[in-house]
Amino acid sequence: MTIMEAIEERHSVRNYIDKKIPHEIISKLQNEINTCNQESGLHIQLVTNEPKAFDGFMAHYGKFNGVQNYIALIGEKSSELDEKIGYYGERIALLAQMLGLNTCWVAFTFSKGATKNKCQINTGEKLVCVLAFGYGKNQGIKHKNKSLEDVCKVDGEPPEWFQNGMKSVLLAPTASNQQKFLFSLEGKNVSAKSTGGFYSNIDIGIVKYHFEVGAGAENFNWE
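Residues numbered from 1 in each chain as written. Predicted model: local features only at pLDDT ≥ 70, side-chain atom pairs only at ≥ 80, totals over all residues. Heavy atoms only, no water.

Novice: Could you clarify how one ought to interpret the sheet that holds strand β7 (residues 189-194) in this entry?
Specialist: Hydrogen bonds between backbone atoms are what pair the strands of a sheet, whose relative direction is either parallel or antiparallel. In space, the four strands of this open sheet follow the order β5-β6-β7-β8, with mixed pairing throughout. The open sheet has two edge strands with one neighbour each: β5 (152-153) and β8 (221-222). Across two bridges, β7 lies against β8 in parallel orientation. The residue of β8 that forms the bridge with Asn189 is Asn221. Contacting β5, β6 (181-186) and β7, helix α7 (residues 160-169) runs over the sheet at an angle of about 170° to β6. Sheet contacts for helix α8 (residues 200-215): β6, β7 and β8; angle to β7, the most-contacted strand, approximately 150°. (Pairing = 2+ DSSP bridges. Helix = DSSP H or I, 4+ residues; strand = E, 2+ residues; numbered from the N terminus. Contact = heavy atoms within 4.5 Å. Axes fitted to C-alpha atoms, helices over the stretch in contact; angles between N-to-C directions.)

Structure (structure tokens):
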């Protein structure tokens, strides 16, 4: 599976079957997490065979079932933290999809206390959210998208690379599928701004990664 196929096929999955993930897949995920941490300065951690984080009231409220594996998205507190978490978390989520797994971004319907007991959170760091992962009972449901005109501002006909980037962006997961962002283009300079909403900075990181994959990072500059 290519990364573009993963973008097209990945949907949020909340219910998982009791199936052990092979060591080689866990190893590939851990290697990617290590690389992301080195690049970003984040402290992302992988937790397996641990159901307690999704065994409380909030998880049941969020309709999660069978979650035993998750990736804790942790980093040093800063104004850029949420966007970094979104960018690198989605990079890991798409690799998981390519490896035959399913995932779901989870911001509050899990037990932070149970998660913190399984993770190392240093002074000055924050557990932002987690990525549940495993073998889903289904492949999730495709979400409805806004139109391209609703989420980007371009004068004239945009180049093909920009259009490809935006097609990828519209397939990105956002909190409650709010898609509250606006992309603009000036020459080869691209900007992505939040238009409000909760967890919007995490969303910006996610959609920026999708845009880079679709457009090709060599074709533009972030503004």
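Novice: Would you mind showing me how to read a positive patch on the surface here?
Specialist: A surface patch of positive charge is lined by Lys77, Lys112, Lys116 and Lys126. Following the sequence through the fold, Lys116 ends up in helix α5 (residues 112-118). Look at Lys116 and you get partly exposed, because its relative accessible area is 45%. (Patch = residues over 30% accessible without salt bridge, like charges linked within 9 Å, V, L, I, M, F, W, Y side chains within 5 Å. Areas by Shrake-Rupley, 256 points an atom, 1.4 Å probe, with all protein chains shown as cover. Salt bridge = Lys/Arg side-chain N within 4 Å of Asp/Glu carboxyl O. Lys, Arg positive; Asp, Glu negative; His and termini not counted. Charge placed at Lys NZ, Arg CZ, Asp CG, Glu CD. Buried < 20%, exposed > 50% of the residue type's maximum accessible area, 1.4 Å probe, protein only.)

Novice: Would you explain the side chain of Asn69 in this entry?
Specialist: When you line up the elements, Asn69 lands in strand β2 (residues 69-76). For Asn69, the residues in contact, after removing those within four places along its chain, are Ile21, Val47, Thr48, Asn49, Leu131, Ala132, Phe133 and Gly134.

Novice: Honestly, the packing of aromatic side chains in this entry has me stumped. Any pointers?
Specialist: Centre distance and the angle of the planes are the two values used to describe a pair of aromatic rings. A full pass over the atoms with the stated rule returns 15 aromatic pairs. Residues Trp161 and Phe211 carry aromatic rings whose centres are separated by 6.5 Å and whose planes lie at 80° to one another, so their mutual orientation is edge-to-face. One end of the pair, Trp161, is in helix α7; the other, Phe211, is in helix α8, with 50 residues separating them in the sequence. Ring geometry for Phe162 versus Phe211: centroids 5.5 Å apart, planes at 65°, classification edge-to-face. Highlighted residues: Phe162 in helix α7 and Phe211 in helix α8, separated in sequence by 49 residues. (Phe/Tyr/Trp six-rings, centres within 6.5 Å; stacked < 30°, edge-to-face > 60°.)

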